[in-house]
Amino acid sequence: GDSVTQTEGQVALSEEDFLTIHCNYSASGYPTLFWYVQYPGEGPQLLFRASRDKEKGSSRGFEATYDKGTTSFHLRKASVQESDSAVYYCALSHGGSNYKLTFGKGTLLTVTP
Amino acid sequence: ETAVFQTPNYHVTQVGNEVSFNCKQTLGHDTMYWYKQDSKKLLKIMFSYNNKQLIVNETVPRRFSPQSSDKAHLNLRIKSVEPEDSAVYLCASSWGRDTQYFGPGTRLLVL
């Protein structure tokens, strides 16, 4: 079945550091890929999505590029802020009759000033 | 701006009790979902309804039952809660298989 593997556990950075959270997927065809962010006490909210090979998604300084060759959708940000501290989820949706989102295990980003 | 509403925010109960959670979306979507998020932040789909029809029913204990009165509402009932049911229950909605939008969650603590 479909699966998503992302950087596990916690990533601790200082403000203005460069962020990379790795995401690799396993699915046939061309799934739609998502990055969601969840702040404390809230539900996950969409950062952005991508549906085609080489498509780049971006929002709020975060970006990721759909790479079918390496089955990856890594999240990057050039300069993180304390307000970026949250849990980040990579997810995929496979279309067809399948209405499910398959999530990675989540990565807790902690940014200190 | 919240468009998926969940009640209650938080609920504490004893083992064996029955609980119900409510979810309403004002986005005009035709598909709604229930997810369970455990203490390690793992997110797992439980149920999905499209136009009031059950379309996803993952392997969950039979004490869990979803209830859909119309496309804008999807409730979750748990008969005889167990300690392992302590979690955050997240409701979401979408237009077909498009992007899912989540509510703030209901936190359940079973003592």
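One structure accompanies this document, and this report is about it. (Residues numbered from 1 in each chain as written. Chains lettered and ligands numbered in written order. Predicted model: local features only at pLDDT ≥ 70, side-chain atom pairs only at ≥ 80, totals over all residues. Heavy atoms only, no water.)

Focus: the overall build of chain B
- Regarding its fold elements, chain B presents zero helices and 11 strands.
- Its C-alpha atoms give chain B a radius of gyration of 13 Å, near enough to 13 Å, the size a compact globule of 111 residues would have.
- C-alpha atoms of chain B, sized along the principal axes, occupy 35 × 30 × 25 Å.
- Each of the 111 residues in chain B was classed as buried or not, and the buried ones make up 45%.
- Expressed as a percentage of contacts within chain B between residues at least 6 apart in sequence, the contacts between residues at least 24 apart total 53%.
- Counting every atom, chain B has about 5700 Å² of accessible surface; 47% of that belongs to carbon and sulfur.
- Charged side chains of chain B number 13 positive and 10 negative; the gap between the two group centres comes to 2 Å. (Helix = DSSP H or I, 4+ residues; strand = E, 2+ residues; numbered from the N terminus. Rg over C-alpha atoms; globule rule 2.2 N^0.38 Å. Buried < 20%, exposed > 50% of the residue type's maximum accessible area, 1.4 Å probe, protein only. Contact = heavy atoms within 4.5 Å. Areas by Shrake-Rupley, 256 points an atom, 1.4 Å probe, with all protein chains shown as cover. Lys, Arg positive; Asp, Glu negative; His and termini not counted. Charge placed at Lys NZ, Arg CZ, Asp CG, Glu CD.)

Focus: the interface of chain B and chain A
- Taken together, the contact pairs 24 residues of chain B with 20 residues of chain A.
- Of the roughly 1700 Å² buried at the junction of chain B and chain A (both faces included), carbon and sulfur atoms supply 57%.
- Applying the counting rule to chain B against chain A returns one salt bridge.
- In this assembly, chain B and chain A are joined by six residue pairs in polar contact (both at pLDDT 80 or more).
- Contributions of two or more residues to the side of chain B that touches chain A are made by strand S4 (31-37), strand S5 (43-50) and strand S6 (53-57) of chain B.
- Split by residue class, the side of chain B that touches chain A holds 10 nonpolar, eight polar and six charged. (Buried area = accessible area lost by both parts, 1.4 Å probe. Salt bridge = Lys/Arg side-chain N within 4 Å of Asp/Glu carboxyl O. Polar contact = N/O pair within 3.5 Å; in protein donor to acceptor, adjacent residues only side chain to side chain. Nonpolar A, V, L, I, M, F, W, Y, C, P; charged D, E, K, R; others polar.)

Regarding the environment of Phe103 of chain A
- Among the secondary structure elements, Phe103 of chain A is positioned in strand S11 (residues 101-103).
- Excluding anything up to four places from it in sequence, Phe103 of chain A contacts Val4, Tyr36, Tyr89, Cys90 and Ala91 of chain A together with Tyr35, Leu43 and Phe102 of chain B.

Some remarks on the pattern of salt bridges
- This model, assessed by the stated rule, comprises eight salt bridges over all chains.
- Residues Asp67 of chain A and Lys54 of chain A are paired through a salt bridge, measuring 3.8 Å at the closest nitrogen-oxygen approach. Taken together, the residues span a long stretch of sequence, with Asp67 of chain A in the loop between strand S8 (62-65) and strand S9 (75-77) and Lys54 of chain A in the loop between strand S6 (45-50) and strand S7 (56-59) at a distance of 13 residues.
- Classification of Asp67 of chain A by relative accessible area gives partly exposed; the value is 22%.
- One continuous salt-bridge network, built from bridges that share partners, spans Arg63, Glu84 and Asp85 of chain B.

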